[in-house]
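# Structure at a glance
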Amino acid sequence: MTTRPRVLIEDWLPVKALGIESRRESAPIPGQFPKLKTLHVWWARRPLAASAGAVLGSVMPAWSESLAESYPEEERLASRDAYHAWFHRLCGILGDPVSASEATKAAIERGERIANPYTYKQAFKNSPETTDLDVLHRILTSTWGAMPSLIDPTAGGGSIPFEATRYGISTTANDLNPVASAVLRAGVATPSKHGPELRANLERWGSILTERITTAMQWFFPTVHEGELAATFLFARSIACPRTGKPVPLAPNWWLRKDKGGVAVRLVTERNGRPLDDPEFEIVTGKDIDFDPDDGTVAHGTGVSPWDGLAIDGDYIKKEAQEGRMGSILYAVATRTGKRRGFRAPTRTDLDALAAAEATLEDKLPEWLASDVIPREAVPEGNDSRPHQYGMSYWRDMFSPRQLLVHGTFVEEFRKLIPEVRSEVDDDDRANAILALLTMMQGKALNYNSRMSVWHPTRNSMANTFDRHDFSFKWTHGEFEGARELYPWTLSQLLDAYEGIAALLPPSDEGSSYAVELEHPVPGPIDTRQGNAANLDGIPDGSQHAIVVDPPYYDNVMYAELSDYFYVWEKRTLGLIWPEFFEDDLADKKNEAVANPARFKSAGRRKNELATADYEAKMTAIFEEAHRVLHDDGVLTVMFTHKKAEAWDTLGTSLMDAGFTIETSWPVPTESENSLHQAKKNAAQSTIFLVCRKRQARGDDVTFFDDIESDVRHAARDALARFTEFGIDGVDLLLSTYGPALSVISSHWPVYSSEIDPDTGDNRRLKPEEALDAAREELVTLQRSRLIGRAANLDAYTDFTLLAWETFKAREFPYDEARRLALAVGGLDVDILTKAKLLTKKSGSVTLLEPHQRVRRRGEANAALPGVHLDADAFEHVIDAVHTALYVTRQDGGATARDWLERRGLAKDARFLATVQGLVNAIPRTKKQGAWVVPEAGALDELAVFLEGIDVPEAHEPRESEQGGIDFGEGGSVA
């Protein structure tokens, strides 16, 4: 093959199919998640389907006639269509996901149930066959001169290396974070090496471990009623009432189950007309619920005392917590009797067991701390201050006394098990693999049994500690039954996860009579490492043919801060097996490549600026190291998701400064497809794939942005046209222009502005965000025309409103994106839009105002500024005219609105009609239980009755099944 082979992802990628399959992975269906995801929590894991596409697309050659001619006997390579169809099959896509998705959506809109159109398993479950792998290996060897090597330097949850090894590619998986590195070794390298046979060892030794924990803990979880199992204990955090001194359970609501009549808890403070000393609780069902369970005792950090009905200040609550006086009150128990699930009120037996556990922990605590059984480490100051605000200064404070007793007992029993396993299993590596995987039970238990794991009344189950990517304080929490439930469940989860992972790594037909003997083994060799991605020590220069990386996303997730929660426990168990991962007190935050303002707290207002500069410097160092280890003809594919332009500016600068050009980009819709129309905030749903190469040497000519700005705008227009056809819209369509814009400037980097830098006296180096601004301006022009159906000349205020609804699909969106959009539509700023009452701003976000919130009255301050003016005969800004018309329509009815329009000549005004049409198309037209989610959508419908030529699309009202998630599993039906 020729030097620097063109790879498939540079020419083509099945964006729609990969996006649909990525979303099928995240559908909320029990048992359908990838088992790599269920082994141990990690944050922001990429879908396996998207990762497979990135890996294969980065190493497979683009189709060409010469490729087909080189393999005349291979139908897979005979034509471009055949080659692309083969790529689908290699990625596990064994059907037509696009047609299936369209059929599903059509059925939902018709309100019908249809047989599941997904007639094949989710893509990630379909491993390639040996015949396909044999051909793949032959063309990869021919393309690269050998089987390619691939590295993921920030491998995190392991999706990329997992997919690479499934194709027999020699893979290196590195991560700075020790918890991630340990999960990579346990979840990818270990099943790759030891295969499905290890499951039997895990089951045997895991059963021994759980039985010992059951024996030790059964006294603290006694049986209350014959045949009943207390599965989950539900607690409310409590403080003393500042006036009566009596305990106040702090619960946001009293629901236990919300479906089919519901089950709730009644808080009782008096009996027979006499006040109680302590609160009591009753379980109430269905029609017997004669109170509002949503009326809890705490909201927005402020409490209400059930003893006197008066408020309890949030600062008082925090102070009580910080002084160690916040407790917990057991208010309900979720039970199982055979197959029946139910709830009961706490009994004296329950309370006595809690007291016994607390006393036992108090006795054990000095010994456990001395022998390093439970964490001694303090929670460091970070970005999330809530643990300290609510009295959780040490990691062990995140668990109740009985939870702590259970987790400490696991550590004790696991340590006793280590010499037993090692003495019976001759192979040291196998023994350590068994023990390391057993510690995954601990990670699962910690995640589902803490003071931050809550009961979910709509799901009738527990939500884990990290159902959000933070340490949000939970007023109520659930406790797993710790003797017979918790660790048997975590063992079953481990066995299921390991079996599922190990089953997917070899070819799907391995061992069958039709299997081909492969020259290169599958799964391929994998090396897991823990270290800084900016210093890949031991990886030779130019040794990697592909680098596929899903780097930290700017300020999205503070991985090290979150992972400390597991690190402090697992270094006391897993650290005895793989000590090289657990040498430090806590996870490394100094070298972590995230924009972490907490590290620069002492800089005051400059902390965010310094955090961004630090992230850019670290990402540049990572990409420079990637440049070193990448083959000169190799490919770097970066998977990135972030809706902030600063994140893209920083990423682009880092890539270009490290010596890369961005050849092409693809937006793949990978995130969960919850309806944005029902959310307050927008969110990016696509992962952008940036396909990069080492920059070729060029002359010394200086490039100015003025010279290439037209190319940037053309690239943005082309991206908008292409990706609109793929169904990309909203904020994702905006993001889809960023890659092409960066691509243009990366090929000329460094690029300079015609402006002079006052500090140096030379031309200022261009910031990539300036190219992104040009791309955004193209979006404004094209989107406005598309929304209205023709070219229209409106004003900047109206353009902003139209494009904000169209781009973000939500009333609330980030402040910085509002600022950039305001600049793009005509040099506005957020303060001007705030004064115009188009939006309000708060703590990093803005909110579009409804027409009634924009009303200006005669005589009030700023009465002459833009807004809703009922007595105006003419309007400078079209959006003010439309909002005023909408206000009149909703307040006074259609007849009055029609007269109002006719008197002002607006019913036939071209700009007014264009704006109405644009808003009709831009504002989400979704109803929920018959009511408009965005009220303006309904008002526009009423107004459009009196206007000619306005095309009003149908409203969309999701049925219950859609809101709960489409059934993307195998078999069954979809609604």
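As the structure is a computational prediction, the values presented were derived from the model and not from experiment. Numbering of residues begins from 1 in every chain and follows the order in which that chain's sequence is written. Since the coordinates come from a predicted model, pLDDT governs what is reported: local features require at least 70, and pairs of side-chain atoms require 80 or more to be given and counted, while whole-chain, interface and lining totals use all residues. With hydrogens and water stripped out, all remaining heavy atoms of the structure feed into the side-chain values.

By salt bridge we mean one thing: a side-chain nitrogen of Lys or Arg within 4 Å of a carboxyl oxygen of Asp or Glu. A complete count under the given rule lists 67 salt bridges for this structure. Through salt bridges with shared partners, a single ionic network connects E73, E74, R76, R89, D132, D134 and R138.

Only protein atoms enter the calculation, which uses a 1 Å grid: trapped sets of points that fit a 1.4 Å probe without letting it out are cavities, open sets showing protein on both sides within 12 Å along at least five of seven lines are pockets, and any residue with an atom within 4 Å of a point is a lining residue. Grid points are joined across faces, edges and corners, and a volume is the space filled by probe spheres set on the points. The tally for this structure, following the rule as stated, stands at 5 cavities of 30 Å³ or more. Of the volumes computed, that of the largest cavity is approximately 360 Å³. Considering the residues around the largest cavity, the lining is formed by 32 residues, among which T154, G156, D175, P552 and Y559 are closest to the centre. Contributing elements (two or more residues each) for the lining of the largest cavity: α9 (159–166) and α18 (559–570). A class-by-class count of the residues in the lining of the largest cavity yields 16 nonpolar, 9 polar and 7 charged. For the second largest cavity, the calculated volume is near 90 Å³. What lines the second largest cavity is V379, P380, E381, G382, N383, D384, P387, W395, F471, E561 and D564. Across the lining of the second largest cavity, the residue classes break down as 5 nonpolar, 2 polar and 4 charged. For the purposes of this entry, the term helix denotes a DSSP run of H or I that reaches at least four residues, the term strand denotes a run of E that reaches at least two, and both are numbered from the N terminus. Throughout, the ten residues Ala, Val, Leu, Ile, Met, Phe, Trp, Tyr, Cys and Pro are labelled nonpolar, Asp, Glu, Lys and Arg are labelled charged, and all others, Gly among them, are labelled polar.

Here a pair means two rings of Phe, Tyr or Trp (six-membered ring of Trp) with centres within 6.5 Å. Their orientation is stacked below 30 degrees between planes, edge-to-face above 60, and tilted elsewhere. This model, assessed by the stated rule, comprises 30 aromatic pairs. Between F343 and W455, the ring centres sit 5.8 Å apart and the planes meet at 90 degrees, which makes this aromatic pair edge-to-face. Of this pair, F343 sits in strand β13 (residues 340–344) while W455 is found in strand β14 (residues 454–456), placing the two residues 112 residues apart along the sequence. In this scheme, a residue with accessible area under 20% of its type's maximum is buried, one over 50% is exposed, and one in between is partly exposed, where area comes from a 1.4 Å probe on protein chains only. By relative accessible area, F343 is classed as buried at 16%. The exposure class assigned to W455 is buried, which follows from its relative accessible area of 13%. Arranged with centres 5.4 Å apart and planes meeting at 80 degrees, the rings of Y390 and W475 form a pair that is edge-to-face.

On to the sheet that holds strand β21 (residues 686–694), then. Any two strands are treated as partners once DSSP identifies two or more bridges connecting them. Taken together, the 7 strands give an open sheet; going across it, the order is β17-β3-β2-β18-β19-β21-β20, and neighbouring strands pair in mixed fashion. Unpaired on one side and paired on the other, β17 (526–530) and β20 (660–669) mark the two borders of the sheet. Direction aside, the axes of adjacent strands within the sheet are offset by 15 degrees on average. Relative to β17, strand β3 (residues 170–175) runs parallel, the two being bridged by 5 bridges. Bridge assignment links A173 to a residue of β17, and that residue is T528. Here an axis means a line fitted to C-alpha atoms, over the contact stretch when the element is a helix, while the angle between two N-to-C directions is reported on a 0 to 180 degree scale.

Time to look at unusual backbone geometry. Residue P523 is bonded to the preceding V522 through a cis peptide linkage, with omega at 5 degrees. Turning to its location among the elements, P523 is positioned in the loop between α17 (486–504) and β17. Cis geometry is adopted by the peptide bond preceding P750, which originates at W749 and carries an omega value of 0 degrees. For P750, the position within the fold is in the loop between α23 (738–746) and β23 (751–756). One non-glycine residue, H300, adopts positive backbone phi at about 55 degrees. For H300, a relative accessible area of 86% translates into the label exposed.

One open sheet accounts for 3 strands, arranged β6-β7-β8; its pairing is antiparallel. Each of the sheet's edge strands pairs with one partner strand only, and the pair in question is β6 (255–257) and β8 (274–285). In this sheet, neighbouring strand axes are inclined to one another by 30 degrees on average, regardless of whether the strands run parallel or antiparallel. Summarising the sheet, strand β7 (residues 263–271) and β8 pair through 8 bridges and their orientation is antiparallel. Counted as the bridge partner of V263 is T285 from β8.

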